[in-house]
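# Per-entry structural report
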Amino acid sequence: MLKTTECHAQSIMDKADILARFSCDEGALTRGYLTKEHKAAHQQLAIWMEEAGLTTWEDSVGNQWGRKVASNPDAPTVIIGSHSDTVTNAGKYDGNLGILLGIESLKQLSHHEFPFNIDVVAFADEEGLRFDTTLIGSSAVAGQFNAQWFDIKDSEGITMAQAMQDFGLLPSKAGLDCRDPKETLAYLEVHIEQGPVLEAQDLAVGVVTGIAGAKRFKLDVSGVAGHAGTVPLPLRHDALCAVAEMISTIETYAKENDIVATVGKCDVKKGGAVNVIPGDVSFTIDIRSLEQTKLESACEHLLEQLESIAEYRNVDLGCEQIYQADAVKCAQSLQSLWGNAVEVVTQSSPYFLPSGAGHDALAMQHLTNVGMLFVRCEKGISHNPKEAVMTEDVQVALQCMMEMLLQIESNSPQ
Ligand SMILES: [Zn+2]
């Protein structure tokens, strides 16, 4: 058991404040991939990594690494990580907390010799703010870098290949330094929950069971536009009324089948008009579940129901899948070690919960077993400057991370 009673979380909170200053928006935090703010933030992280006694380097896609070298440098590696990029007008803790907490845990354990290397990585792109793809940093590490990404342009027409060159990276080397599964023991990530469950449970931390799979669809409903005064209701092909019934069906289905489903966008073509029966409406659905089979069957059943609504309302329905990510289970072995760590630190039973949001672990599971710990955040608010965590909770999470490394050590073959 850890003897640490001193609070080192304040240092993490202070560093999160400093890191938030590396932003391309004045007065707000926005940090995209391969920007000068990315470079500056990673230079600052490298300084903190070195202060913690870590050996540092930047990899082929601009991720920043720090290593606590094992007594036998050829030993396998435990990777601790999270992302340093942000959404537009972001909070200070999404991603960044996990990196800072990793660095601080190794600083506190600097005198402890582990039989494995421990790396902390700041992934340079998870959010996908700049280019129209996500998880570039962790995908490269996990051997999943996709060369088609080079041609994607940002909003100013700069390709990712060009942006890499401008940053000082060689596109021809991107992803070639991916890690070897045989030399990797586990991937650990601490992240803010970005939801309200831990707060409702009055808990500082929770062990993540897995990351929900997600599918997104764009649906186009076409009816017949008409005069709002002259066409009687039974003779209408009102696209918006059909969509209203579809949305309500989606909500009911999600409630009854224990999934989450969201219609986040709904547009009447050309904005609609007060005296026109809506002829064309498009909307999106985002459906998620931790159980992949449940997700597949939910999509199938829901789309069938929407088809039948379209049929009896005499409108056409077009459907296009625009995104999909499979559900990922956190490794059972790592869940139980996180559980032990939480129990040792908090002296109470661990709480287990799924993640509805995507994380770098989605990519890292292609490389190794993944295990995550969530930290309570105020009102579950995230992707928002109001994002907040309590120093006491960060201290609990820090101690859990240190204990987790000791748990892995005592459970690994010597
Ligand atoms: Zn995040």
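Residues numbered from 1 in each chain as written. Predicted model: local features only at pLDDT ≥ 70, side-chain atom pairs only at ≥ 80, totals over all residues. Heavy atoms only, no water.

### Points about the overall build of the chain
Definition in use: Secondary structure elements are taken from DSSP: a helix is a run of H or I of four residues or more, a strand is a run of E of two residues or more, and numbering for both begins at the N terminus. Here the globule rule is a power law, 2.2 Å times the number of residues to the power 0.38, and the radius of gyration is based on C-alpha atoms. Burial classification: accessible surface area is computed with a 1.4 Å probe over protein chains only, and a residue below 20% of its type maximum counts as buried, one above 50% as exposed, and the rest as partly exposed. Throughout, a residue-residue contact means that at least one pair of heavy atoms, one from each residue, lies within 4.5 Å.
The secondary structure content of the chain amounts to eleven helices and 16 strands. Against the compact-globule benchmark of 22 Å for 414 residues, the chain has a radius of gyration of 24 Å, which places it among compact chains. Looking at the chain as a whole, 53% of its 414 residues qualify as buried. Of all intrachain contacts in the chain linking residues separated by at least 6 positions in sequence, the fraction that spans at least 24 positions is 79%.

### Structural notes on the UniProt feature "domain: Peptidase M20 dimerisation" (unreviewed entry) in the chain
Going by this rule: UniProt positions are given in the numbering used here, feature names are shortened, and annotations may be inferred rather than shown by experiment.
In the UniProt entry, the feature "domain: Peptidase M20 dimerisation" (unreviewed entry) is given for residues 210–310. This span, residues 210–310, is 38% helix and 32% strand, and a straight line between its end C-alpha atoms measures 35 Å.

### Focus: helix α8 (residues 292–312)
Along an α-helix, a turn takes 3.6 residues, which lines up residues three or four apart on a common side. Let me state the cut-off plainly: Each residue after the first adds 1.5 Å to the expected span of a helix. Here, the arc refers to the directions that run from the helix axis to the C-beta atoms.
Between its terminal C-alpha atoms α8 stretches 31 Å, which fits the 30 Å expected from 21 residues at 1.5 Å a residue. Residues L295, A298, C299, L302, L306, I309 and A310 constitute the buried set of α8. When α8 is viewed along its axis, its buried side chains cluster within an angular range of 100 degrees and face the same direction. Opposite its buried face, α8 presents the exposed residues T293, E300, E311 and Y312, each directed more than 90 degrees away. Elements in contact with the buried residues of α8: β7 (213–222), α7 (239–257), β12 (280–289) and β13 (316–325). The positive-phi residue at the C-terminal boundary of α8 is N314, with phi of around 55 degrees.

### Some words on the pairing of strand β16 (residues 370–375)
Defined as follows: Here, any two strands with at least 2 DSSP bridges between them count as paired.
Most of β16 sits inside the fold, with six of its six residues counted as buried. Burial of the side chains of β16 extends over both faces: V370, M372 and F374 are buried on one face and G371, L373 and V375 on the other. Where strand β5 (residues 184–192) and β16 come together, six bridges link them in parallel fashion. Residue pairing in the sheet places I192 in a bridge with V375 of β16. Relative to β16, strand β6 (residues 205–211) runs antiparallel, the two sharing three bridges. Following the sheet pairing, V205 is matched in β16 by V375.

### Points about the packing of helix α9 (residues 332–346) against helix α11 (residues 391–411)
The criterion, for reference: Between N-to-C directions, angles span 0 to 180 degrees; the directions come from axes that are lines fitted to C-alpha atoms, helices contributing only their stretch in contact. In this scheme, roughly parallel covers angles under 35 degrees and roughly antiparallel covers those over 145, while 65 to 115 is roughly perpendicular and the rest are oblique. If you view the pair so one helix is near and one far, a crossing is left-handed when the near helix is turned anticlockwise from the far one by less than a right angle, and right-handed when it is turned clockwise. We call Asp, Glu, Lys and Arg charged. Ala, Val, Leu, Ile, Met, Phe, Trp, Tyr, Cys and Pro are nonpolar, and the rest, Gly among them, are polar.
Remark: α9 packs on α11, axes separated minimally by 8 Å, with the N-to-C direction vectors making an angle of 125 degrees. Considering their axes alone, α9 and α11 lie oblique with respect to each other. For the pair α9 and α11, the crossing hand works out as right-handed. In contact with L334, L337, W338, N340, A341, V342, V344, V345 and T346 of α9, α11 contributes V396, Q399, C400, M401, E403, M404, Q407, I408 and N411. Of the residues in the contact of α9 with α11, the class split is twelve nonpolar, five polar and one charged.

### Comments concerning the coordination of the zinc ion
Selection rule: Water is absent from the atoms considered, so a metal site may look incomplete; donors are defined as N, O and S atoms within 2.8 Å of the metal, or 3.2 Å for Na, K and Ca.
Bound to the zinc ion on the protein side are H83 (NE2), D94 (OD) and H191 (NE2), at distances that span 2.0 to 2.2 Å. Here the donor residues for the zinc ion map to a single chain with the spacing H-x10-D-x96-H. Pair noted here: D94 is in the loop between β3 (77–83) and α3 (96–108) and H191 is in strand β5, with a separation of 97 residues, a long-range link.

### Things to note about the pattern of salt bridges
Pairing between side chains of opposite charge can happen when their charged atoms approach one another. Which entries qualify depends on this criterion: Every case where a carboxyl oxygen of Asp or Glu lies within 4 Å of a side-chain nitrogen of Lys or Arg is listed as a salt bridge.
Evaluation of the coordinates by the stated rule reveals 17 salt bridges. Across the salt bridge formed by K294 and D258, the nearest N and O atoms sit 3.4 Å from each other. Taken together, the residues K294 in helix α8 and D258 in the loop between α7 and β9 (260–262) connect sequence positions 36 residues apart. The class of K294 is partly exposed, set by a relative accessible area of 30%. Relative accessible area serves as the criterion here: at 60%, D258 is assigned to the exposed category.

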